[in-house]
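Breakdown of the fold
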Amino acid sequence: MHASLQRRINVANCWATSRIAVLDTQERYEDSYAIAEEFREWITCIGEDPEYLEASVLKVPQTLNSYLHEEISESDEMLEI
């Protein structure tokens, strides 16, 4: 599995777990259950339809990526002076 996809799963897992815990402490059990079910469907879908997960991953556009590398290179050159 690609690292970006693994990070997406980890972030979603942390978010869902935290949100469920907060809702449970507020005794909003129906909302908590709804999030748990949506997360379960999303996780089980990964094995069946990998494109679904990839579609949910935000990727940096290549033009922005190259721009950021140029900016970092320029700032590194300034630090060397």
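Residues numbered from 1 in each chain as written. Predicted model: local features only at pLDDT ≥ 70, side-chain atom pairs only at ≥ 80, totals over all residues. Heavy atoms only, no water.

Quick notes on the overall build of the protein
To keep it simple, the criterion reads: Numbering of helices and strands runs from the N terminus, with a helix taken as a DSSP run of H or I at least four residues long and a strand as a DSSP run of E at least two residues long. Remark: exposure states derive from per-residue accessible area (1.4 Å probe, protein chains only) relative to the maximum for the residue type, with buried under 20%, exposed over 50%, and partly exposed in between. The contact definition used throughout considers only heavy atoms, calling two residues in contact when any of these lie within 4.5 Å. Accessible surface is estimated by sampling points in the Shrake-Rupley manner with a 1.4 Å probe; for residues, cover comes only from the protein chains shown.
A count of helical and extended segments in the protein gives four helices and zero strands. Taken from the N to the C terminus, the helices and strands of the protein come in the order α-α-α-α. In the protein, which comprises 81 residues, the share counted as buried stands at 16%. Once local pairs closer than 6 in sequence are excluded, the contacts in the protein between residues at least 24 apart make up 45%. Entry remark: accessible area of the protein is about 6700 Å², with carbon and sulfur atoms responsible for 57%.

Let's talk about the confidence of the model for the protein
Counted only if it meets this: Each residue gets a pLDDT score, which is the predictor's confidence in that residue and runs from 0 to 100.
Mean pLDDT over the protein works out to 76, with 63% of the residues at or above the 70 mark. Mean pLDDT across the elements of the protein ranges from a minimum in helix 3 (residues 50-55), with 64, to a maximum in helix 1 (residues 3-25), with 85.

Overview of helix 1
Put simply, the test is: Multiplying one less than the number of residues by 1.5 Å gives the expected span of a helix.
Relative to the 33 Å expected for 23 residues at 1.5 Å per residue, helix 1 spans 33 Å between its end C-alpha atoms, a close match to the ideal helical length. Residues L5, I9, A12, A16, I20 and L23 constitute the buried set of helix 1. Note on helix 1: the residue one or two positions beyond its end, E27, has a positive phi of about 60°.

Details of the layout of surface pockets
Which parts of space are left empty comes out when a probe the size of a water molecule is rolled across the atoms. Using the following cut-off: Lining residues are those with an atom within 4 Å of a point, where the points come from a 1 Å grid over the protein atoms alone and group into cavities, where a 1.4 Å probe fits but cannot get out, or pockets, open sets with protein on both sides within 12 Å along at least five of seven lines. Grid points are joined across faces, edges and corners, and a volume is the space filled by probe spheres set on the points. Polarity classes work like this: nonpolar for Ala, Val, Leu, Ile, Met, Phe, Trp, Tyr, Cys and Pro, charged for Asp, Glu, Lys and Arg, and polar for all others, with Gly in that last group.
Size it by volume and the largest pocket reaches roughly 250 Å³. Listed by contribution, the elements that provide at least two residues to the lining of the largest pocket are helix 1 and helix 2 (29-48). Considered class by class, the residues forming the lining of the largest pocket number eight nonpolar, no polar and three charged.

A look at the pattern of salt bridges
The following threshold applies: Basic side-chain nitrogens of Lys or Arg form a salt bridge, by our definition, when they fall within 4 Å of a carboxyl oxygen of Asp or Glu.
Counted under the stated rule, the structure contains two salt bridges. Among the ionic pairs, R28 bridges to D31, the shortest N-O distance being 2.8 Å. As a salt-bridge pair, E37 and R40 come within 2.9 Å of each other at their nearest N and O atoms. Placement of the pair is E37 and R40 together in helix 2, with a separation of three residues, close to one helical turn. On the basis of relative accessible area, R40 is assigned to the partly exposed category, the value being 42%.

Side note on the environment of A21
Along the polypeptide, A21 turns up in helix 1. You can call A21 partly exposed: its relative accessible area is 41%. Sequence spacing of A21 and S32 is eleven residues, and the spatial spacing of their C-alpha atoms is 7.9 Å.

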